[in-house]
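What follows is the residue order along each chain.
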Amino acid sequence: MQDFSKVYILIPLYNEAEVIENVIKELSQIFQNIVVVNDGSTDGSLDILKTLDIHLINHPINMGQGSAISTGFNYIYESDAEALITFDADGQHSVEDAEIFANAILDSDYDVIFGSRFIKHSKNIPFIKRCVLILATKITNYLSKMHLTDTHNGMKAIKKDSLSKINIEINGYAFESEFIQCISKRKLKYSEIPTNIIYTEYSKWKGQSLMNGFIILEDLIKMWLKK
Amino acid sequence: MIKTFLVILFSILFLYGFIRPFSSVFSRLFLFSGSLLGILSVIGIEQTDKIANFLGVGRGADLFVYLSLLTIFLFINYTINKFETLNEKISILSRSIALSKINKNKDD
């Protein structure tokens, strides 16, 4: 088994008590360092996390995925990691993909590797979700002048050294767009790798609703006005 | 007497809007429109009509409604900005609390 002790897995988590134990157990077969940022969960997730072999950071209140990711970045920046991989807590991502990302970030000179559902597996994405994602991607690409195929994919690999150049201020889901803006501004080297998303009934139920799509859009407009 | 006092008070507030430092231009505009609205509501319908005519709005009541809507919009904007600033501060605070109390299960 390859040694991935210098690749940290970062999981932002909010109310995933039903699945988180399995997700961590699967990941821990490959990765030694898993950082979970519990973002003020109220469903007992924290109690489960306390029993697992992980680095646990606990937000006392719910602040949003962007904030959880940002806290994770701060923690990992101070650690001995060489790179990190962001991973969704709801079991949508596969550990095999994470392994591919880990090898890719360690063996390449890219600062960031984005995951994309649209390179290979776009047919797996539900139709409405696909439309919302395409719209968000087009807007983000337009604002950041980048050429990505999937800007709101939770799986990314990032070199630790690049974290000092990334500053996330948006607490909500639109932090992904802010992240991409940082990559663009700082001229970090990036690439995309296909990922497969496993849309289970649970993840569909838990996933982002169309209303969240509007909130993302609102955040994007605010970000654009702030520019 | 009270009318004069209120007009002076709102005028001072209006002028204060020029010198007070604000974090957002909307907050400054809110103070301007709010104090103007105060002056209009005090000076009486005849004077308001004259000002409305001068501005080409028509009736004084219309001017009053327009200015009220503008003030409400600016107030909402001002409140949202305040909430966002507060949220940002709470975020920074919560994140630093979380990082200072890290539970490294691995080391337990």
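Further up the page is the structure itself.
Visitor: Lay out the overall build of chain A in plain terms, naming residues and giving numbers.
Guide: The helix and strand inventory of chain A stands at eight helices and seven strands. Taking the principal axes of its C-alpha atoms as reference, chain A extends roughly 45 × 40 × 35 Å. Taken over 227 residues, chain A has a buried fraction of 45%. For chain A, the proportion of contacts with a sequence separation of at least 24, taken over those separated by at least 6, is 77%.

Visitor: Summarise the pairing of strand β2 (residues 33-39) of chain A; cite the residues concerned and give the values.
Guide: All names here are of chain A. Of all seven residues making up β2, seven are buried, and the element is well covered by its neighbours. Residue alternation in β2 divides its side chains into two sets, Asn-33, Val-35, Val-37 and Asp-39 and Ile-34, Val-36 and Asn-38, and both sets are buried. Sheet topology places strand β1 (residues 7-13) next to β2; six bridges connect them, and they run parallel. Bridging across to β2, Ile-11 finds its partner in Val-36. Of the crossover connections in this fold, the one passing from β1 over helix α1 (residues 20-28) to the parallel β2 is right-handed. Strand direction decides the pairing type here: β2 and strand β3 (residues 55-59), joined by five bridges, are parallel. Across the sheet, residue Asn-38 finds its bridge partner in β3, namely Asn-58. For the handedness criterion, the β-α-β arrangement of β2, helix α2 (residues 45-50) and β3 is classed as right-handed.

Visitor: Before we move on, could you go through the interface of chain A and chain B and cite the residues and values that matter?
Guide: Listed by partner, the interface residues are 18 residues for chain A and 11 residues for chain B. Counting residues per element, the ones that place at least two in the side of chain A that touches chain B are β3 and α3 (65-77) of chain A. Looking at the side of chain A that touches chain B, its residues break down into eight nonpolar, eight polar and two charged.

Visitor: I'd like to hear about the nonpolar core, residue by residue, with values.
Guide: By size, the foremost hydrophobic cluster in this structure holds 56 residues, and its most contacted members are A:Ile9, A:Leu10, A:Val35 and A:Ile85. By residue number, the principal contributor to this core is β1(A), which donates six residues. When neighbours within four sequence positions are excluded, A:Ile85 is seen to be in contact with A:Val7, A:Ile9, A:Leu10, A:Ala98, A:Phe101, A:Ala102, A:Met155 and A:Ala157. B:Phe10, B:Leu36, B:Ala52 and B:Leu63 belong to the second largest nonpolar core, which has seven residues in total.

Visitor: Explain the environment of A:Phe31 residue by residue, including any values.
Guide: Residues and elements named next belong to chain A. Inspection of the secondary structure assignment puts Phe-31 in the loop between α1 and β2. Distance in space between the C-alpha atoms of Phe-31 and Gly-91 is 16 Å, their sequence separation being 60 residues. Among all residues touching Phe-31, those that are not within four sequence positions of it are Phe-4, Val-7 and Ile-9.

Visitor: Which residues make up the environment of A:Met155, and what values go with them?
Guide: Residue and element names in this part refer to chain A. Examined against the element boundaries, Met-155 turns out to sit in the loop between α5 (127-144) and β6 (156-159). The exposure class assigned to Met-155 is buried, which follows from the 25 C-beta atoms found within 10 Å. Residues Met-155 and Tyr-14, 141 residues apart in the sequence, show an inter-C-alpha distance of 17 Å. For Met-155, the residues in contact, after removing those within four places along its chain, are Ile-85, Thr-86, Phe-87, His-93, Asp-97, Phe-101, Gly-115 and Thr-195.

Visitor: Can you break down helix α2 (residues 25-43) of chain B residue by residue, with the values?
Guide: All names here are of chain B. Counted at 1.5 Å a residue, the expected span for α2 with its 19 residues is 27 Å, and the 27 Å between its end C-alpha atoms agrees. Where α2 is buried, its residues meet α1 (2-19), α3 (45-55) and α4 (60-100). Downstream of α2 by a residue or two, Gly-44 has a phi angle that is positive, lying close to 100°.

Visitor: A description of α1(B) should follow, citing residues and the corresponding values.
Guide: Taking 1.5 Å per residue, 18 residues should reach 26 Å; α1(B) reaches 26 Å between its end C-alpha atoms and fits that length. The buried fraction of α1(B) amounts to one of the 18 residues, a small share that puts the element mostly on the outside.

Visitor: An account of the packing of α3(B) against α4(B) is needed here, citing residue identities and associated values.
Guide: Residue and element names in this part refer to chain B. The N-to-C vectors of α3 and α4 enclose an angle of 80°; their axes lie 7 Å apart at closest approach. If you check the angle between α3 and α4, you find them roughly perpendicular. On the side of α3, the interface is formed by Ile-45, Thr-48, Asp-49, Ile-51, Ala-52 and Leu-55, while α4 contributes Gly-60, Asp-62, Leu-63 and Phe-64. Split by residue class, the contact of α3 with α4 holds six nonpolar, two polar and two charged.

Each value, and the rule that gives it
Throughout, a residue's number is its position along its own chain's written sequence, starting from 1. Both sets of labels track the order of writing: A upward for chains, 1 upward for ligands. Confidence filtering applies because this is a predicted model: local features only for residues at pLDDT of at least 70, side-chain atom pairs given and counted only at 80 or more, and all residues used for totals across whole chains, interfaces and linings. Each helix corresponds to a stretch of at least 4 residues labelled H or I by DSSP, and each strand to a stretch of at least 2 residues labelled E; elements are numbered beginning at the N terminus. Residues with at least 20 neighbouring C-beta atoms inside 10 Å of their own are called buried, those with 12 or fewer are called exposed, and the rest are partly exposed, where every C-beta is derived from the backbone. Contacts are defined on C-beta atoms placed from the backbone: any two residues whose C-beta positions lie within 7 Å are in contact. One requirement defines pairing of two strands: DSSP has to find at least two bridges between them. For a crossover, the right-handed case is the one in which the path from the first strand over the helix to the second runs clockwise, viewed with the strands pointing away from the viewer. Only Asp, Glu, Lys and Arg are considered charged, only Ala, Val, Leu, Ile, Met, Phe, Trp, Tyr, Cys and Pro nonpolar, and every remaining residue, Gly among them, polar. In this usage, the nonpolar core is the set of buried Ala, Val, Leu, Ile, Met, Phe, Trp, Tyr and Cys residues whose C-beta atoms join them within 7 Å. Helix span is expected to be 1.5 Å times the residue number reduced by one. Only the stretch in contact is used when a helix axis is fitted, and all axes are lines through C-alpha atoms; the angle between N-to-C directions ranges over 0 to 180 degrees. An angle below 35 degrees is treated as roughly parallel, one above 145 as roughly antiparallel, one from 65 to 115 as roughly perpendicular, and anything else as oblique.

What is shown is where atoms sit, not what they do.
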